[in-house]
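Each chain is listed here by its residues.
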Amino acid sequence: MKRLKSGGGWPAIKYALALANKHGWRRLWAAARSKNACKTCALGMGGQLGGMRNELGRWPEICKKSLQAMAADMQASLSPQFFERYGFAELRGFTPRRLESAGRITQPVYAGPEDSHYHPITWEEALQRIADRLKVVSPNECFFYVSGRSSNEAAFLLQLFARLFGTNHVNSCSYYCHQASGVGLSGSIGSGTATVMLEDVEHADLFMLIGGNPASNHPRLMRTLMNIRRRGGNVIVINPVRETGLVKFRVPSDVRSLLFGTKIASLYVQPHIGGDIALLTGVAKAVLERGAVDAEFIRQATDGWEEYREHLTATDWQTIEQGSGVERATIERIADIYVAAKSAVFGWTMGITHHEHGVQNVQTIVNLALLRGMVGRRHAGLLPIRGHSNVQGIGSMGVTPVLKEAILQRLQEQYGVCLPTTPGLDTMGCVQAAGRGEMRFGWCLGGNLYGSNPDSALAERALNNLDLLVYLNTTLNTGHAWGRARETIVLPVLARDEEPQKTTQESMFSYVRLSDGGPPRHRGPRHEVSIIAHVARAVLGDQGPVDWHSMEQHQTIRHFIARIIPGYEKIGQIDRTREEFQIAGRTLHSLRFPTPSGRAQFKTHPIPPLPSSDGQLRLMTVRSEGQFNTVVYEEEDIYRGQDRRDVILMNRTDIDRLGLTADQRVTVRSTVGEMQNILVREYEIRAGNVLMYFPEANRLVPSLTDPASKTPAFKSVLVQVLAKAPLT
Ligand code: SF4
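Residues numbered from 1 in each chain as written. Predicted model: local features only at pLDDT ≥ 70, side-chain atom pairs only at ≥ 80, totals over all residues. Heavy atoms only, no water.

Moving on: the site of the ligand. Around the ligand lies a shell formed by Cys38, Thr40, Cys41, Leu43, Gly44, Met45, Ile62, Cys63, Ser66, His218, Pro219 and Arg220. Across the shell around the ligand, the residue classes break down as 7 nonpolar, 4 polar and 1 charged. (Near = heavy atom within 4 Å. Nonpolar A, V, L, I, M, F, W, Y, C, P; charged D, E, K, R; others polar.)

Written out as structure tokens, the structure is:
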């Protein structure tokens, strides 16, 4: 398959037209224009500003990923015959894409211990089974997992129910993506979210993009990067893989860019996987050697400088070059561009967080920003480029094993209760506990816990160990086939733009949107809040501190969110005002940092050794252009020129060194699993490092996590690539 020379452009337009032809121009246009927050990434689009508008009100702002999610919700219903025809043996052979595109789930289905197929079940029976089970199981043998696509209202209600039920085993997909950003930022600057708004990024003259590929996963950010380049600014890309759309991108809604393309990266640096701390320490050392640190900012607003300065001085260039795989001259060039910048924004995604030292990676980025006073003022700062459209919102709502003190106190005061004190487990903690047989019940509000979990064999074993597992989804995924318990119930839910009541979502810039919802596309699915309230009332009754019936009203939930969640006070009036808002206290435009000392903290971290072992390569698992998180919309990855997903992308040097050839079938093996019949493909990835697709390659990823954030190291797995693959 021919690899595109630039991202975006005519292929994206053609794709959108094909979707309109398939699903109906009027339907797709109506969905795109509806006042609902985009269902895909957290960059933020839509809401009361109107569809296809970003937080600056710019129109049109829409991308292929957004349209793919809309189109997926427009699918026809799964036929009743589907589950008769396809049992678990067949469903386990389906690719993630085939499951996703099989159709909308519109009827609750159930499978018992002896069943080889799911079979339809009534809502009444399904909800009764769930309530009956919760009435007999110990709360600490239950976990509640939430995906970042759910609304603030559903997330708040579920965590409230779980806690009043008696457990803190409440967590989310964030633990498998940006938890390291939250923990790292909180430790350095006292707040776990972006310090900037979109408006700041639009005025920066340097964007340092580290460990991410927004051309694929956050396409509208490319317009902002184009604007920075057009204003004479710079974009430095740090990524072991040379990504098409980060070299050149054609912004479809900009005629000049569409026709001639836009050079995105001013400088493209390809370190080794796991070499970020060494590289960024080198840049900081070069800035120091240039006498370009902002001494006044450091004196006024930071702690820990002396220790960090000594660390930079003491760290020699050889260690930096070896630890990063990048030569000093290139590091000096990064420093020169940085020193020349007036306003720099540092953006990163999972190439930074998916490591054993993910939190340290994040704090090393913060150090570099503090060095030149690029935090705590307009047009400069820190931006964790988050995944799911409301992954930040569900965290704000208290979907965390440990509640923030303020939320805990306010919940207890509001409801006159003492909430459970047993420490809650994070996502991996719950899966491992289930693997040990210590969990009996699981509730997954959206998402694909099995699919997104590292060590697929562990995930399957763990979920199979449960007595009852409840999934709430719009479409099928690999979890429904592999991640089954003794009893499994799948409940169909309405999509965001089918909700009967308004919902809210929080973008990566801490901007809260109000989504209008819309008419259901199918009879059968219910809205998430009604399901949670029903089960809560059935289990906890109506005599308790919460009137679960009234909590079926989203406005009522917002009333409590306004009283309990810090920074969300304005949500209490949003139904009347329809005014979307920036969460108070999140954007940092002053030198008052929400840390105990009120000052930002330099965090000194030693350069970690590069993971290596004879004959092994460092594997990173990634998303393709044709997917969003675990949801695969297209098998092709047009930006990397791949027509299929059972491939391993390698540098020519490694292919030759291992005596392999392109398109040769190999076995890829790690400490926890192996994948056979994988096709070797040559690609511009740093030699010594290889790339495979998530979630399929999770089979190879150990369940090892960063001790500070509990985020698995999806992007740093040592593997062997063995030529002796059985002939297919
Ligand atoms: S960039 Fe993200 S928020 Fe914007 S339209 Fe695309 S998927 Fe939606």
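Turning our attention to the pattern of salt bridges. Summed over the entire model, instances satisfying the criterion amount to 51 salt bridges. A salt bridge links Arg586 to Glu506; the shortest N-O distance between them is 2.7 Å. With Arg586 in the loop between β19 (581-582) and β20 (600-601) and Glu506 in strand β17 (residues 503-506), the pair connects residues that are 80 residues apart, well separated along the chain. The exposure class of Arg586 is buried, given its relative accessible area of 13%. What makes Glu506 buried here is its relative accessible area of 0%. Here Arg669 makes a salt bridge to Glu674, at a shortest N to O gap of 2.6 Å. Classification of Arg669 by relative accessible area gives partly exposed; the value is 35%. Exposure remark for Glu674: the relative accessible area of 30% places this residue in the partly exposed category. (Salt bridge = Lys/Arg side-chain N within 4 Å of Asp/Glu carboxyl O. Helix = DSSP H or I, 4+ residues; strand = E, 2+ residues; numbered from the N terminus. Buried < 20%, exposed > 50% of the residue type's maximum accessible area, 1.4 Å probe, protein only.)

The two faces of a sheet get side chains in turn, since along a regular strand they alternate between them. With respect to burial, strand β14 (residues 441-445) is a largely interior element, 5 of its 5 residues being buried. In β14, alternate side chains face the same way, and those of Phe441, Trp443 and Leu445 on one face and Gly442 and Cys444 on the other are all buried. Pairing geometry for strand β4 (residues 142-146) and β14, over 5 bridges, is parallel. Paired with Phe144 across the bridge in β14 is Trp443. (Pairing = 2+ DSSP bridges.)

Once that is clear, we can look at the domain arrangement of the protein chain. We note that the domain assignment places domain 1 (106-177 + 390-582), domain 2 (180-385) and domain 3 (617-723) within the protein chain. Distance between the C-alpha centres of domain 1 and domain 2: 35 Å. Of the residues lining the interface, 7 residues belong to domain 1; the matching set on domain 2 comes to 13 residues. Three residues stand out in domain 1 for area buried against domain 2, namely Cys177, Met508 and Phe509, and they jointly supply 71% of the buried area on that side. Run the count over domain 1 and domain 2 and you get 2 residue pairs in polar contact (both at pLDDT 80 or more). (Domains from an automatic or database assignment. Contact = heavy atoms within 4.5 Å. Buried area = accessible area lost by both parts, 1.4 Å probe. Polar contact = N/O pair within 3.5 Å; in protein donor to acceptor, adjacent residues only side chain to side chain.)

The residue Asn651 is located in the loop between β24 (647-650) and α31 (652-657) in this model. In this structure the side chain of Asn651 is engaged in a polar contact, spanning 2.6 Å, whose partner is the side chain of Thr653. Only 2.8 Å separates the side chain of Asn651 from the backbone oxygen of Ile685, close enough to count as a polar contact. Other than its neighbours up to four places away in sequence, Asn651 contacts Tyr683, Ile685, Arg686 and Ala687.

A separate point is the packing of helix α24 (residues 427-435) against helix α26 (residues 456-464). Think of two packed helices as two axes; the pair is described by the angle between the axes and how far apart they sit. Interhelical geometry of α24 versus α26 gives an angle of 65 degrees and a closest axis separation of 7 Å. Judged on the interaxial angle alone, α26 and α24 are roughly perpendicular. Between α24 and α26 lies a crossing whose hand is left-handed. Judged by residue contacts, Met428, Val431, Gln432, Ala434 and Gly435 of α24 engage Leu458, Ala459 and Ala462 from α26. Looking at the contact of α24 with α26, its residues break down into 6 nonpolar, 2 polar and no charged. (Axes fitted to C-alpha atoms, helices over the stretch in contact; angles between N-to-C directions. Parallel < 35°, antiparallel > 145°, perpendicular 65-115°, else oblique. Left-handed = near helix turned anticlockwise from the far one by under 90°.)

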